[in-house]
Protein chains: 2
Amino acid sequence: MYNKFCKKQLWECSKELSAVAMGRIPAETVIINAKLVNVCTKEIMENTDVAIHSGRIALVGDAKHCIGEGTKVIDAKGQYIAPGMLDGHIHIESSMLSAGEYAKAVIPHGTVGIYYDPHEICNVLGKSGVDLMVKDAERTPLKAMLTVPSCVPAVPGFEDSGAVVTSDDIREQMKDDFCVGLGEMMNFPGITNSVEETHAITDETLKAGKIITGHYSIPETGMGLNAYIASGVRCCHESTRAEDALAKMRLGMYAMMREGSAWHDLAEVSKAITEHEVDSRFAVLISDDTHPFTLMEQGHLDHIVRRAMQEGIDPITAVQMVTINCAQCFQMDHELGSITPGKCADIIFIDDLKSFQITKVIIDGDVVAENRKMLQEFAPFTYPEFAMNTMHVGETITADTFKVKTDKKDQVTIRAIEIIPARVSDYERHVTMAVKDGCIESDTKQDVLKTFVFERHNNTGKHGVGFVKGFNIKCGAMASTVAHDAHNLLVIGTNDEDMALAANTLIACGGGMCVVQNGEVLGCVELPLAGLMNTKSNEEMSELVESLTKAWVKIGCNIVSPFMTMALIPLACLPELRLTDRGLVDCTKFCFSDLEVEE
Amino acid sequence: MYNKFCKKQLWECSKELSAVAMGRIPAETVIINAKLVNVCTKEIMENTDVAIHSGRIALVGDAKHCIGEGTKVIDAKGQYIAPGMLDGHIHIESSMLSAGEYAKAVIPHGTVGIYYDPHEICNVLGKSGVDLMVKDAERTPLKAMLTVPSCVPAVPGFEDSGAVVTSDDIREQMKDDFCVGLGEMMNFPGITNSVEETHAITDETLKAGKIITGHYSIPETGMGLNAYIASGVRCCHESTRAEDALAKMRLGMYAMMREGSAWHDLAEVSKAITEHEVDSRFAVLISDDTHPFTLMEQGHLDHIVRRAMQEGIDPITAVQMVTINCAQCFQMDHELGSITPGKCADIIFIDDLKSFQITKVIIDGDVVAENRKMLQEFAPFTYPEFAMNTMHVGETITADTFKVKTDKKDQVTIRAIEIIPARVSDYERHVTMAVKDGCIESDTKQDVLKTFVFERHNNTGKHGVGFVKGFNIKCGAMASTVAHDAHNLLVIGTNDEDMALAANTLIACGGGMCVVQNGEVLGCVELPLAGLMNTKSNEEMSELVESLTKAWVKIGCNIVSPFMTMALIPLACLPELRLTDRGLVDCTKFCFSDLEVEE
């Protein structure tokens, strides 16, 4: 596959590489005295040199003859070197960072390439938003490989997003050389039900010779999973049980094992490797969603490799899972994923295989990071006005807006969404609530809170109403414009005044996440870029998010990354019950549900 | 990569496959009760069904719900099933069979796909010859995947072939959808020396996003091998030592381990797997050159898998080496190489993993062979006149033609080519010969025989003269138009009369191989198709070749497949000394050599 993620195409420099390997011209850079993690043969090769030229690897082995005048010699001093790590499935937006700042945050942790699906910004701004992210990323050394958002809106007919992606759009976008495939095809029911337009989207990807990435989030591994894979879906990162990952690998699907900030699947899913004697070439480690604090404190793929090793996966296998296995999944192993001649010179230095601290990162032959610090500067990027001004709520929100009326007297049984901390799925619970003056109020004793989703893209004035259980908030409200996948304005609270303040705080600042209590804003992370991101650095964002997390604790919530769990409340492609701007959605039957349960 | 080697493209039938997997429409075929050799996870999966539709696999697992009216049910009765086998590097011409007859010969042995390099016919007829072979193969169920000949002539400037391939030709041919890559780049010195036109040929392949297949036949695994791989060459089948194969795999090159009729590399090369704890994903089994008798008596890839197991490679690993590893080498694993949903329904049935007898072969969902017999007929193919009439020798050959004159008196030291049975390389030997009447004669006591190569493509009247040692012929002559790679007319003999008869016998019949003695033709395999092949069946050709082999024995030669060893005498890309129509070539220095050694 032709791609633009390298300094020079191999055919532009094959003659020079050959001349360097033969010692006829000196290499630009030579790494000496390294222990090579050979992901091709699963071996450690002691005392290995690597000669680099034109951003690519010219020779691996003894490279003394490649050193000449002007050659930069890097003495690895016996450290390990491994191929630069690849994240096979990632949404940059979850980090709340712009693409450029995201690159700065992950490269020092050894990440050289990401397969990213910008479906959050696409839901808000459509292809214009995707293009902005591509342009922002292009300035950086990070190989940002686009998988075009496939499901915008996530579940058509159940929500209002800022954009719609059709199979015609996909056909056009597959022509871009920065596009390597299709983003996660969440609409697996559309695939298993042979829905024309859903298949048109995947079929256009196949016609272009590109990769379809998947999302099969149910524990069924029989006919449904077979139907999904038979349609050409090549990988899936939604396994939460070892048997699901194993079933996928057995069916020739790449099992992407996830360890994100809020979803910690590895403890279970890694057993597919550690408790079974299987060829692990179809296993890949990915992050999916990572927030700023995780990137600061734990890292990115380096952290996930450490986690895999903690779960008993041997170090070289774990490294294969973020290098060659991922490259083979995307059929880009001729460019990426191994330290072998002709490939992009993307190389990480590791102090020790056990502690797995990244000490140096080389991308396309250039040292871009050292000791967890970026060394390269790149030009600033300014997002245009339309991307920084995306709060288009078509109604004036006051405390009155949040009244939930009912015809019932005294009490009413309602459907509530019960969240599950650190899991993407939720439960539908039926709860009996008191009725006061013809209205249902939040009930902190039962931990059941009013929840509103306001359409914010086209001033339609639509909003959906529901109740959520599980956050344990005692007094206050939270709001977020990170509200998957349509990213409308989501508000939850114990009282109408705080809810109105939370909503209006975000409308005023262009979107973000905030926590309020008794008329005071306790924490606010402004995300003016599409209501999803900020162009501040990871350090700054990490601080802001930390102060927001403290505000969550202050109002009573102790779960991990509560804003990530909250953000999934409107995501109507995950079971069981969700709330969008159009109302409650039964995500097991894919139909709208009434708030009140008929007795 | 788009390709035409399937009944339907996946995007043409993904909706149907999904419907079959879900049980909404009945499968065309369902295999029940099989033991699946799972090459993805390296496991045997007991009691597995496979549902097939539109030539592709819809479901693997429990397929009861896929059986309906009209479904053909195949009860495997506990037999093993495995993906149809792929030969990663093969020259059809070595079988002496036309492409259609070759397909009939190998399919019953479980071969469903070949990556073939028709550089023999290309040397004789150029692209027209390649196109004929493509058309002949297209009628058959065999997936005949073209790797376009890269080195025609093999060593420019040292021989006269019937055609010349340039980088412009390669650029054009890469556009064909039946072309998956570049045929073996034998000109590794051109690559390692950064020669413009050689790199232009490989670079055009890279630009087209296709695979460069290699040929690195020297035991150097340092700078030269690195330079070669750095230029984008993805595989090589020329390792004869385990350490060469291992070095290639460590450098990310697919090590294709060869077991052909005359070259038996596996005994040595398989140690790269059996004596080292390595990931074997970069190891592939291939045949390269197989003659009709081997196909009849031993088989094709089934035989090679058995040989691999004899050498200690475990059965599932051996099967991976002819299925998924090969498919991944060519980045066609989304279509071929595993029994998983969406892939082409190419499935073989195996009685037992140890005896590895193929009992049934399914290609694109159709049962095409059973119990070593083809079940499918296909339309006849007639080669045009220009392909059946290729003997254009520009001189009248008589006994006098074979006089080898010298200015020396009494005796002279000459350079002789000493063959090595069952190996592709040879030695240069210096031999002292008697001079009689100003001429050097063949000397059967020293086993040193006159050898002539006549240009036969353009009536130039050129011929080269040399001597060969090692065939142990006592009286008689042999001739062949299979004479790599230019396929000129090669004649070896103990006396001039028999040599003239041998040469003229082949000129009369349009090319082939013959053995004569004392004015009698003892054996002749007519190969009128380009002087390389016959359109007869493998059974008939096998008999003819067997009778020729007997004729060889009758005149004194006992080595294995002597005609294959003989055919390499003009191949100036293999060490050490070769003879072309232009004269003796020193293949270590790539220069012409005099017949007589200066004292």
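Keep in mind the model is a prediction, meaning the values are calculated, not measured.

**Re the relation of the copies chain B and chain A**
Turning one copy of the chain about an axis and sliding it along that axis gives the other copy, so a rotation and a shift relate them. With an RMSD of 0.0 Å, the fit of chain B onto chain A corresponds to turning through 180° and sliding 0.0 Å along the axis. What we have between these two chains is a two-fold relation. Taking C-alpha positions as the reference, the residue of chain B nearest the rotation axis is B:Gln331, at 3.1 Å. Both copies present the same face, since 100% of the interface residues in chain B are matched by interface residues at the equivalent positions in chain A.

**Comments concerning unusual backbone geometry**
It is generally the case that most residues other than glycine have a negative phi and that most peptide bonds are trans. The step from A:His484 to A:Asp485 runs through a cis peptide bond, and the omega angle for that step is -20°. One can find A:Asp485 in the loop between β23 (477-480) and β24 (489-493). Cis peptide bonds are those with omega within 30 degrees of zero, and the linkage from B:Val152 to B:Pro153 qualifies with -5°. Locating B:Pro153 in the fold gives a position in the loop between β8 (143-148) and α5 (167-173). In this structure, B:Lys77 is a non-glycine residue whose phi angle is positive, near 50°. Structurally, B:Lys77 is set in the loop between β4 (72-75) and β5 (80-83). Located in the positive-phi region is B:Asp288, a residue other than glycine, with phi close to 65°.

**A look at the packing of aromatic side chains**
All names here are of chain A. The final tally for this structure, using the stated rule, is 22 aromatic pairs over all chains. Consider the rings of Tyr216 and Tyr228, whose centres lie 5.3 Å apart with planes at 35°: the pair is tilted. With a gap of 12 residues between them, Tyr216 in the loop between β10 (211-214) and α8 (223-230) and Tyr228 in helix α8 connect regions that are remote in the sequence. The exposure class assigned to Tyr216 is buried, which follows from its relative accessible area of 1%. By the ring-pair criterion, three or more aromatic residues cluster together here, those being Phe188, Tyr216 and Tyr228. It is Lys35 that lies over the ring of Tyr80; its NZ or CZ is 5.1 Å from the centre.

**Examining the sheet that holds strand β27 (residues 577-580) of chain B**
Residue and element names in this part refer to chain B. Strands sit in the order β27-β28-β29 across an open sheet of three strands; the sheet is antiparallel. In this open sheet, the two edge strands, each paired with only one partner strand, are β27 and β29 (591-593). For this sheet the average axis-to-axis angle between neighbouring strands, irrespective of direction, equals 45°. The pairing of β27 with strand β28 (residues 583-586) spans four bridges and is classified as antiparallel. Looking across to β28, one finds that Leu579 is bridged to Leu584.

**Here's the deal with the sheet that holds strand β27 (residues 577-580) of chain A**
All names here are of chain A. The three strands are arranged β27-β28-β29 in an open sheet whose pairing can be described as antiparallel. If you trace the sheet from one side to the other, it starts and ends with β27 and β29 (591-593), each paired once. Recorded for the sheet is a direction-independent mean angle of 45° between the axes of neighbouring strands.

**Remarks on the confidence of the model for chain A**
Scored by pLDDT, chain A comes out at a mean of 96, with 99% of its residues at no less than 70. Reported confidences for the modelled complex are a pTM of 0.95 and an ipTM of 0.94.

**Observations regarding the pairing of strand β28 (residues 583-586) of chain A**
All names here are of chain A. Between the end of β27 and the start of β28, which pair antiparallel, lie two residues. As paired strands, β28 and β29 are joined by three bridges and run antiparallel to one another. Paired with Leu584 across the strands is Ser593, a residue of β29. In textbook terms, the turn of a hairpin is the stretch between consecutive antiparallel strands, and for β28 and β29 this stretch comprises four residues, one of which, Phe590, has a positive phi near 50°.

**Regarding helix α16 (residues 496-509) of chain A**
At 3.6 residues per turn, the α-helix brings residues three or four places apart onto the same side. Residues and elements named next belong to chain A. Between the first and last C-alpha of α16 there are 20 Å, a value that for 14 residues agrees with the 20 Å anticipated at 1.5 Å per step. Those residues of α16 that sit buried are Asp496, Asp498, Met499, Ala500, Ala502, Ala503, Thr505, Leu506 and Cys509. Those residues of α16 hidden inside the fold are in contact with β21 (448-454), β23, β24, β25 (512-517) and β26 (520-526).

**Some remarks on the interface of chain B and chain A**
Of the residues lining the interface, 63 residues belong to chain B; the matching set on chain A comes to 63 residues. Interface area, chain B with chain A, both sides summed: about 5200 Å², of which 53% is carbon and sulfur. If you sort the residues of chain B by the area they bury against chain A, B:Trp11, B:Arg250 and B:Arg281 come out on top, with a joint share of 13%. Across the pair A:Glu43 and B:Arg250 runs a salt bridge, and its minimum N-O distance is 2.7 Å. There are 35 residue pairs in polar contact (both at pLDDT 80 or more) connecting chain B and chain A. Mapped onto the side of chain B that touches chain A, the elements with two or more residues apiece are α1 (10-21), β2 (43-53), β3 (56-61), α6 (188-192), α7 (196-207), α8 (223-230), α9 (242-250) and α15 (324-329) of chain B. Among the elements that line the side of chain B that touches chain A, the one with the most residues is α1(B), at eight residues. Here the residues of the side of chain B that touches chain A sort into 27 nonpolar, 22 polar and 14 charged.

**So, the environment of A:Met374**
Residues and elements named next belong to chain A. Mapped onto the elements, Met374 comes out in strand β17 (residues 373-374). Between the alpha carbons of Met374 and Thr213 there is a distance of 30 Å; along the sequence they are 161 residues apart. Not counting residues within four places of it along the chain, the set of residues in contact with Met374 comprises Lys104, Ile107, Pro108, Pro141, Val368 and Ala369.

**A closer look at the state of the cysteines**
Residue and element names in this part refer to chain B. Using the criterion set out here, one finds zero disulfides over all chains in the structure. A disulfide-free cysteine, Cys524 has its sulfur positioned 4.3 Å from the sulfur of Cys509, the nearest such atom. The closest cysteine sulfur to the non-disulfide-bonded Cys587 is located on Cys573, 7.7 Å from its own sulfur. Among the residues examined, Cys587 registers a relative accessible area of 5% and is labelled buried.

**Regarding the layout of surface pockets**
One number sums up the size of the largest pocket: a volume of about 550 Å³. If you go around the largest pocket, you meet 27 residues; those closest to its centre are A:Lys42, A:Val278, A:Asp279, B:Lys42 and B:Asp279. Grouping the constituent residues of the lining of the largest pocket by class yields six nonpolar, 11 polar and 10 charged.

**Comments concerning the pairing of strand β7 (residues 111-116) of chain B**
Residue and element names in this part refer to chain B. Counting buried positions along β7 yields six of six residues, so the element is predominantly enclosed. One crossover worth recording links strand β6 (residues 85-90) to the parallel β7 by way of helix α2 (residues 99-106), and it is right-handed. Judged from the four bridges that link them, β7 and β8 form a sheet pairing that is parallel. Considered in β8, the bridge of Gly113 is made with Lys143.

**A look at α7(B)**
The terminal C-alpha atoms of α7(B) lie 16 Å apart, and with 12 residues this matches the ideal 16 Å at 1.5 Å per residue to within 8%. Along α7(B), the positions that sit buried rather than exposed are B:Thr198, B:His199, B:Ile201, B:Thr202, B:Asp203, B:Glu204, B:Thr205 and B:Leu206. Those residues of α7(B) that are buried lie in contact with α1 (10-21) of chain A together with α5, β9 (179-185), α6 and β10 (211-214) of chain B. B:Gly209 occupies a position one or two residues after α7(B) and carries a positive phi of about 70°.

Basis of the calculations
- Residue indices begin from 1 for each chain and proceed along its sequence in written order.
- Labels follow written order: the first chain is A, the first ligand is 1, and so on.
- With pLDDT at 70 or above as the cut-off, local features in this predicted model cover only qualifying residues; side-chain atom pairs require 80 or more to be listed or tallied, and sums for whole chains, interfaces and linings still use all residues.
- Excluding hydrogens and water, the side-chain values take into account all heavy atoms of the structure.
- Least squares is used to superpose the copies, and the fit set is the C-alpha atoms of residues whose pLDDT is at least 70 in both copies.
- Contacts between residues were defined by any pair of non-hydrogen atoms, one from each residue, lying within 4.5 Å.
- To qualify as a helix, a DSSP run of H or I must reach at least 4 residues; to qualify as a strand, a run of E must reach at least 2; elements of each kind are numbered from the N terminus.
- Any pair of Phe, Tyr and Trp rings, taking the six-membered ring for Trp, is counted once the centres come within 6.5 Å. Such a pair is stacked with planes under 30 degrees apart, edge-to-face with planes over 60 apart, and tilted for the rest.
- Working definition: with a 1.4 Å probe on protein chains only, accessible area under 20% of the residue-type maximum means buried, over 50% means exposed, and in between means partly exposed.
- Two thresholds decide whether a charge sits over a ring: the Lys NZ or Arg CZ must be within 6 Å of the ring centre and within 35 degrees of the ring normal.
- Between any two strands, at least two bridges found by DSSP are needed for them to pair.
- For every element, the axis is a line fit to its C-alpha atoms; helices are fit only across the contacting stretch, and the angle between N-to-C directions ranges from 0 to 180 degrees.
- Here pLDDT means the predictor's own confidence in every residue, given as a number from 0 to 100.
- Expected helix span is computed as 1.5 Å times (number of residues minus one).
- Summed over both partners, the accessible area lost on bringing two parts together, with a 1.4 Å probe, is the buried area.
- Any Lys or Arg side-chain nitrogen found within 4 Å of a carboxyl oxygen on Asp or Glu counts as a salt bridge.
- N or O atoms closer than or at 3.5 Å make up a polar contact, with two conditions inside protein: a donor-capable atom paired with an acceptor-capable one, and, for residues adjacent in sequence, both atoms drawn from side chains.
- Any residue outside Ala, Val, Leu, Ile, Met, Phe, Trp, Tyr, Cys, Pro, Asp, Glu, Lys and Arg is labelled polar, Gly included; the first ten of those are nonpolar and the last four are charged.
- A pair of cysteine sulfur atoms is labelled a disulfide when the two atoms are within 2.5 Å.
- Here the term cavity refers to a set of points on a 1 Å grid, laid over the protein atoms alone, in which a 1.4 Å probe fits but cannot get out; the term pocket refers to an open set having protein on both sides within 12 Å along at least five of seven lines, with lining residues being those that place an atom within 4 Å of a point.
- Grid points are joined across faces, edges and corners, and a volume is the space filled by probe spheres set on the points.
- A clockwise course of the path from the first strand over the helix to the second, judged with the strands pointing away from the viewer, identifies a crossover as right-handed.

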